[in-house]
Amino acid sequence: MNLAPDFPIGSILKWLEQNEPELVNILPKSDVPVRFASHWAVHDIFRALQQKRPGQPVGLMLGAHGTLAELGLDGQIAQHCSSLRQAHQMYLHYRSMSRPGHVRLESDPDQQTDSLVVNPFFHEDLVESDESRLVFPLALGLNMFREMLGEPRLNVHSLHLMVPDDRFRAEYEEYFGGEIHFNSPDCRLVFHSADFDRPIRAAVPETRPFLEQLALSQKSHVSACKGSSDNFIEMVQEELRKAILSEDFEQTTIARRMSIGPRTLQRRLKEHDLTFRALTESVQERLAMDFLLNTELSVQEIAYKIGYQQPASFHRAFKRWTGQSPSTVRADRAENKP
């Protein structure tokens, strides 16, 4: 099967599990994380949805439910960039290390626009789902930008699609808020440049360098251990780090990200005399320590970032892990800082 590791489908999975759970079985069984599926599997999902929900724009429907959590750690970094432009440049930079050429950014100073261009994947066997597959990542991208800016009605200058099917023109105009062009030479979202330079007000600038370093170390670590059963625990830890920062780290989620069943995950952890909870807490401990020593985030902010809704619960857990309070660890760092 032609696997495409640059096609994130987390929002598809969540929507299917809630609305059409039987369609989850369409996903391929492979050693690739299930949040990435082949274009053929995505095609089958969209085709099945189109048959069950005729006359509905399923690509838009699913993409509009996507969030920054789709990008994992990359999404966390984007939230702490100064603007959409910087966030997108960061995203392209890190994605290009392992998946070059899938997305690019083009600027037109004369028109004062910036375009997010997605390289399409066409195949004669996939024609039935072309429009849905192409609209999905564009709707997903716009939704992420809206989330970063806290602007749910951020509109595009225009949307360009290579397909001729214009049945859902009205729905696209309503969602994207700009002109819609079909039969275009490429697929792109065109933004007003002023929107691309708007500040991300919730960003914490000092957090971004730490998250970038964490992303780089994770990418090199994954490359080193991919495919080796001896590194199963490291691979689970890797998925946990990304999932914790994306605020969805249930056991079923981690199993799904690794393309195995929850019972298989539990059994393999037991073979290493580990439980899922113990492994999760070990990852949370390391993340908490990194945040305390390398960022200026408050203890409360760190608690939220590693999955604790109540700071008091984080304090108790941290004291159990280290024998010290978070504030004591940070104070010791300040004293020993040159």
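Only a predicted model underlies this, so the values are computations on that prediction, with no experimental measurement involved.

## Here's the deal with the confidence of the model for the protein chain
Then comes step 1: Per-residue confidence for the protein chain gives a mean pLDDT of 81, with 84% of residues at or over 70.
Then comes step 2: Between residues 222-230, whose pLDDT stays under 50, and residues either more than four places distant or in other chains, the model counts 6 contacts.

## A word on the pairing of strand S2 (residues 113-118)
Then comes step 1: The buried fraction of S2 is high, at 6 of 6 residues.
Then comes step 2: Residue alternation in S2 divides its side chains into two sets, Thr113, Ser115 and Val117 and Asp114, Leu116 and Val118, and both sets are buried.
Then comes step 3: Across 6 bridges, the pairing between strand S1 (residues 103-108) and S2 is antiparallel. Within S2, the position partnered with Leu105 by the bridge is Leu116.
Then comes step 4: Between S1 and S2, which follow one another and run antiparallel, lie 4 residues, and Gln112 among them has a positive phi close to 55 degrees.
Then comes step 5: Of the pairings in the sheet, the one linking S2 to strand S5 (residues 187-192) comprises 6 bridges and is antiparallel in character. Residue pairing in the sheet places Val118 in a bridge with Cys187 of S5.

## Description of the pattern of salt bridges
Then comes step 1: Evaluation of the coordinates by the stated rule reveals 18 salt bridges.
Then comes step 2: Arg85 is the partner of Asp197 in a salt bridge, and the nearest nitrogen-oxygen pair spans 2.7 Å. Taken as a pair, Asp197 in the loop between helix H8 (193-196) and helix H9 (207-225) and Arg85 in helix H5 (residues 84-96) lie far apart in primary sequence, 112 residues in all.
Then comes step 3: In this structure, the salt-bridge partner of Arg188 is Asp186, at a minimum N-O distance of 2.7 Å. Asp186 carries the same exposure label as Arg188, and that label is buried.
Then comes step 4: One network of salt bridges, in which partners are shared, links Glu20, Glu22, Lys52 and Arg53.

Calculation notes
Residues numbered from 1 in each chain as written. Predicted model: local features only at pLDDT ≥ 70, side-chain atom pairs only at ≥ 80, totals over all residues. Heavy atoms only, no water. pLDDT = per-residue confidence, 0-100. Contact = heavy atoms within 4.5 Å. Buried < 20%, exposed > 50% of the residue type's maximum accessible area, 1.4 Å probe, protein only. Helix = DSSP H or I, 4+ residues; strand = E, 2+ residues; numbered from the N terminus. Pairing = 2+ DSSP bridges. Salt bridge = Lys/Arg side-chain N within 4 Å of Asp/Glu carboxyl O.

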